[in-house]
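Okay, here's what each chain looks like letter by letter:
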Amino acid sequence: MARSSDPGTQRQMSLDHLPSALLATVMTKLDIGSIRSLACTCKAFHSCASHMLRFIPSFHLLDIAPSAELLRPLLPPNPYLHSLKVDCTRLDDSSLDYLLQPTLQELCLHKCAHFSGRLLSQVGQHCKDLRFLYLSSLAEKRGRSIDVSDLEVLFGGCTQLETLILMFDVSMFLRHNFARVWAIAPATLLSLEVGYISSVMVTELLSPPVVPYQSIEHIRPSILPGIQKLCLSVDYITDTMVSTITTNLNCLTHLDLRDSPIMEPRLAFDLTNAGIQQINLHGRLKHLSLVRSQEIFPAYFKRVNDLGILLMADRCSDMESIYLGGFCQVTDTGFRTILHSCAKIYKLRIYHGPHLTDLVFHDIAATSLTLTHVSLRWCNLLTNHGVARLVSNENLSVLDLRDCRNIGDEALRTISNLSKLKALLIDGSDISDSGLSHLSKGAMSSLVSLSVRGCKRLTDNCITFLFDESSNCELRELDLSNIPNLSDAGVLLLAKRRIPLFELRMRQCPLISDTSIMVLASMKVDEEGWYGSSLLLLDLYNCGGITQLSFQWLKKPYFPRLRWLGVSSYVSRDVLDALSRNRPFLHVAFHGEELGTTDQWDNSDNLYMHDYDEVDELEQWLDGENEGDDEDIQEAENIA
């Protein structure tokens, strides 16, 4: 505040008069989300933000999918840029010239379906200092294989690469040259994750080349000698592949293998007791995940039983995290062995354990375990009694009991005593409205994410029981999907509680109608907040009463922060196109796909570390004063 010559008058100094160096110093402490919000507040901040784009160290833009025209001016040449994370849904090879800057050490490009394999070689040519590389969905829309020479250029250029994450089908590479290229992978590589690769390719990749008449003195070192973390999704988890991995990767501390067979595996293409006891030959493994998914075919690890688990547990005394999925022949004996042999374990996940009962946790209090993450999904023999024993581990922060049909209100009463609980998933359980009242008296004060999807006994009253007006609620993510008796009245009760939810899922609820959207659009989370300002994700797929009328409430200025929307496919395409023009950065899903993060367990470590802006003004910054044609949706509805 500056004083004029008249001591009785005061005038407020304009921000334009502040030194630009001062503004820049303050803004360098912020992330891109905060900088973009400041840019909308005044001309001084806008000018400073535009200048800062030339020297900020990190540029992370994953909440929207910008077009090339919008992104190019935001990424000028920047000699200080070390980390870049972008949603590339609307980008292609023409964007490489400004995306790939030579100073980058971390590069995360999500949804690269419109790029070609040339992206790999360009990264190798332009980002010599790269340490971390993440690419997903590469060339999925191209319809052709990726030349393995592009991967060769990547390895030849990025000689300091430590983490490589290829979340796409690498079988698009030509197989006969694929293994050879990995022989020149950087020796610095510590972590490798692949979206899909066949078990045969894995075996070929990791097997040292055999040269005729090779002397002992000239034996070539193994491929990827420094790898500590290996995460693969394959067609079949086999004894041969597991043996090759554990024999040749001497430094492995983290092994994550997942398969999804299309038919019942034959003996030669399956995991057996002989294979599973090869796990952790070198004794360094800390994290193990072996999962057989039933997404395509109901296949299980039928050739592994308690004996195999007992033999494996002998080598796993230092294990900290274990995830076993689809082991249908393992009983309480095998699972108890893990708990009693692995004293350091803090994450336990059992998926499709049909023989797991309460006896596994009968004497868990006698162990020295300090469990923080537990998932027992599709373990239908588990009851309230077993849960009561389990929650004697009072440090639990994530508890996943989805599809455990015999879990009821008594389990919630014991769970409510967990003062550190952040995420609770009890989909498909036998809980009632009154049972949720136990949570409001205890765990609700710490709970951030709650899922009660498919709990058929719940009604609108569950909102009243769950959100006690006297409780301090931290909930930000709520899933009320597939609850037949949830209606607009329940949503009205939710709005009256003014809970600042970021994610709300109500898919497959037949009684939810346009009224619910109107209520949520009009909701204020505080006296000064914008209408519907808190929601980032809203899933209303296949809700019985949703019509085209509600789309008037989904356009600006309502739901100003909404990034994900799920609706039914029967909505007029003209209406959806009009909504896309009105809100170009809104992801609209209408085929029933899950929105946002689909696997909450795998992301549980950073599930509660979201950087949510108070008011998201990115669209204003990118679009300027153009708010779009708000009449498009009305016109499209009339046409429909």
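What counts and how
- Residues numbered from 1 in each chain as written.
- Predicted model: local features only at pLDDT ≥ 70, side-chain atom pairs only at ≥ 80, totals over all residues.
- Heavy atoms only, no water.
- Helix = DSSP H or I, 4+ residues; strand = E, 2+ residues; numbered from the N terminus.
- Buried < 20%, exposed > 50% of the residue type's maximum accessible area, 1.4 Å probe, protein only.
- Contact = heavy atoms within 4.5 Å.
- Areas by Shrake-Rupley, 256 points an atom, 1.4 Å probe, with all protein chains shown as cover.
- Core = buried A, V, L, I, M, F, W, Y, C linked by side-chain atoms within 4.5 Å.
- Axes fitted to C-alpha atoms, helices over the stretch in contact; angles between N-to-C directions.
- Parallel < 35°, antiparallel > 145°, perpendicular 65-115°, else oblique.
- Nonpolar A, V, L, I, M, F, W, Y, C, P; charged D, E, K, R; others polar.
- Patch = residues over 30% accessible without salt bridge, like charges linked within 9 Å, V, L, I, M, F, W, Y side chains within 5 Å.
- Salt bridge = Lys/Arg side-chain N within 4 Å of Asp/Glu carboxyl O.
- Arc of directions from axis to C-beta.
- Polar contact = N/O pair within 3.5 Å; in protein donor to acceptor, adjacent residues only side chain to side chain.
- Pairing = 2+ DSSP bridges.
- Left-handed = near helix turned anticlockwise from the far one by under 90°.
- Phe/Tyr/Trp six-rings, centres within 6.5 Å; stacked < 30°, edge-to-face > 60°.
- Lys NZ or Arg CZ within 6 Å of the ring centre and 35° of its normal.

- In the nomenclature of an unreviewed UniProt entry, the protein corresponds to F-box/LRR-repeat protein 10 from the organism Nicotiana tabacum.

## A short note on the overall build of the protein
So, point 1. When its secondary structure is counted, the protein shows 22 helices and 22 strands.
So, point 2. Expressed as a percentage of its 640 residues, the buried residues of the protein come to 54%.
So, point 3. Contacts in the protein between residues far apart in sequence, at least 24 positions, make up 77% of those at least 6 positions apart.
So, point 4. Entry remark: accessible area of the protein is about 27500 Å², with carbon and sulfur atoms responsible for 52%.

## With respect to the nonpolar core
So, point 1. Counting residues in each nonpolar core, the largest one holds 182 residues, and the members touching the most others are Trp182, Leu224, Ile245 and Ile415.
So, point 2. Among the elements that line this core, the one with the most residues is helix 3 (residues 43-52), at five residues.
So, point 3. Not counting the four nearest positions on each side in its chain, Leu224 is found in contact with Trp182, Ala185, Leu189, Leu192, Leu205, Leu206 and Leu249.

## Describing the packing of helix 18 (residues 488-497) against helix 19 (residues 514-522)
So, point 1. Taken N-terminus to C-terminus, the directions of helix 18 and helix 19 make an angle of 5°; their axes are 9 Å apart at the nearest point. One element, helix 18, and the other, helix 19, form an angle in the roughly parallel class. Here helix 18 contributes Asp488, Val491, Leu492 and Ala495 to the contact with helix 19, which in turn contributes Thr515, Ser516, Val519 and Leu520.
So, point 2. Grouping the constituent residues of the contact of helix 18 with helix 19 by class yields five nonpolar, two polar and one charged.

## Focus: a nonpolar patch on the surface
So, point 1. A contiguous nonpolar surface patch, about 330 Å² in accessible area, is contributed by Ile262, Met263 and Ile296.
So, point 2. Examined against the element boundaries, Met263 turns out to sit in the loop between strand 10 (254-259) and helix 11 (273-276).
So, point 3. Its relative accessible area of 48% is what places Met263 among the partly exposed residues.

## Quick notes on helix 12 (residues 306-313)
Along an α-helix, residues three or four positions apart point the same way, because every turn accommodates 3.6 residues.
So, point 1. The complete set of buried residues in helix 12 reads Asp306, Gly308, Ile309, Met312 and Ala313. Take helix 12 and look down its axis: the buried residues cluster within an arc of 160°, on one side only.
So, point 2. Those residues of helix 12 hidden inside the fold are in contact with helix 11, strand 11 (287-292), strand 12 (321-325) and helix 13 (332-341).
So, point 3. For helix 12, the N-terminal cap is Asn305; the gap from its side-chain oxygen to the backbone nitrogen of Leu307 is 3.0 Å.

## A closer look at the environment of Glu474
So, point 1. You can see Glu474 is positioned in the loop between helix 17 (461-466) and strand 18 (477-479).
So, point 2. Looking at Glu474, the relative accessible area reads 31%, which means it is partly exposed.

## Quick word on helix 20 (residues 573-582)
So, point 1. Buried residues of helix 20: Val575, Leu576, Ala578, Leu579 and Asn582, and no others. Along the axis of helix 20, the buried positions cluster into a sector of 160°, meaning they face one direction only.
So, point 2. The opening residue of helix 20, the one whose side-chain oxygen lies 3.2 Å from the backbone nitrogen of Asp574, is Ser572.

## Comments concerning the environment of Ser67
So, point 1. Mapped onto the secondary structure, Ser67 falls in the loop between strand 3 (58-61) and helix 4 (68-71).
So, point 2. Ser67 gets classed as buried once you look at its relative accessible area, which sits at 10%.
So, point 3. Taking the C-alpha atoms as reference, Ser67 lies 9.6 Å from Pro584; in sequence the two are 517 residues apart.
So, point 4. When residues no more than four places from it in sequence are discounted, the contact partners of Ser67 are Arg90 and Leu91.

## With respect to the pairing of strand 13 (residues 347-351)
Across a regular strand the side chains alternate sides, sitting on one face of the sheet and then on the other.
So, point 1. With five of five residues buried, strand 13 lies mostly within the body of the structure.
So, point 2. What you see with strand 13 is no split at all: Lys347, Arg349 and Tyr351 on one side and Leu348 and Ile350 on the other are buried throughout.
So, point 3. Two strands pair when backbone bridges link them, and strand 12 and strand 13 are joined in this way by five bridges, in the parallel orientation. In the sheet register, Gly325 faces strand 13, and the bridge partner there is Tyr351.
So, point 4. Here five bridges tie strand 13 to strand 14 (residues 373-377), and the two strands are oriented parallel to one another.

## Points about the packing of helix 6 (residues 118-126) against helix 7 (residues 148-157)
So, point 1. Relative to each other, helix 6 and helix 7 sit at 20°, their axes nearing to 7 Å. With respect to helix 7, the axis of helix 6 lies roughly parallel. The two elements helix 6 and helix 7 cross, and the hand of that crossing is left-handed. Seen from helix 6, the contacting residues are Arg118, Leu120, Ser121, Val123, Gly124 and Gln125; seen from helix 7, they are Asp150, Leu151, Val153, Leu154 and Gly157.
So, point 2. In terms of residue class, the contact of helix 6 with helix 7 is built from five nonpolar, four polar and two charged.

## Section: the packing of aromatic side chains
So, point 1. The tally for this structure, following the rule as stated, stands at eight aromatic pairs.
So, point 2. With a centroid separation of 5.1 Å and 40° between ring planes, the pair formed by Trp553 and Tyr558 is classed as tilted.
So, point 3. Residue classification places Trp553 among the partly exposed residues on the basis of a relative accessible area of 24%.
So, point 4. The exposure class assigned to Tyr558 is partly exposed, which follows from its relative accessible area of 25%.
So, point 5. Ring-pair connections join several aromatic residues into one group, and the members of that group are Phe155, Phe168, Phe173, Phe178 and Trp182.
So, point 6. Across from the ring centre of Phe502, 5.9 Å away, lies the NZ or CZ of Arg476, which sits over that ring.

## Overview of the pattern of salt bridges
So, point 1. Applying the stated criterion across every chain yields a total of 22 salt bridges.
So, point 2. Among the salt bridges present, the one from Asp400 reaches Arg402, with a minimum N-O distance of 2.6 Å. The same class applies to Asp400 as to Arg402, namely buried.
So, point 3. For the salt bridge of Arg453 with Glu594, the shortest nitrogen-to-oxygen distance reads 2.7 Å. Of this pair, Arg453 sits in the loop between strand 17 (449-451) and helix 17 while Glu594 is found in the loop between strand 22 (587-589) and helix 21 (618-623), placing the two residues 141 residues apart along the sequence.
So, point 4. Using a relative accessible area of 32% as the deciding quantity, one classes Glu594 as partly exposed.
So, point 5. Beyond isolated ion pairs, a larger network of salt bridges with shared partners links Arg453, Asp479, Arg507, Asp539 and Glu594.

## With respect to the environment of Glu477
So, point 1. Among the structural elements, Glu477 can be located in strand 18.
So, point 2. Exposure remark for Glu477: the relative accessible area of 6% places this residue in the buried category.
So, point 3. Put simply, Glu477 and Val448 are 29 residues apart on the chain and 6.4 Å apart in space, counted from C-alpha to C-alpha.

## A word on unusual backbone geometry
So, point 1. For the bond from Lys556 to Pro557, the omega torsion is 5°, close enough to zero to count as cis.
So, point 2. Looking at where Pro557 falls in the secondary structure, it is placed in the loop between strand 20 (537-539) and strand 21 (564-566).
So, point 3. With a phi angle near 60°, Ser137 is a residue other than glycine that sits in the positive phi range.
So, point 4. Its location among the elements puts Ser137 in the loop between strand 6 (132-136) and helix 7.
So, point 5. On the basis of relative accessible area, Ser137 is assigned to the buried category, the value being 17%.
So, point 6. Positive phi values are uncommon outside glycine, yet His352 reaches one of about 55°.
So, point 7. Assignment of secondary structure puts His352 in the loop between strand 13 and strand 14.

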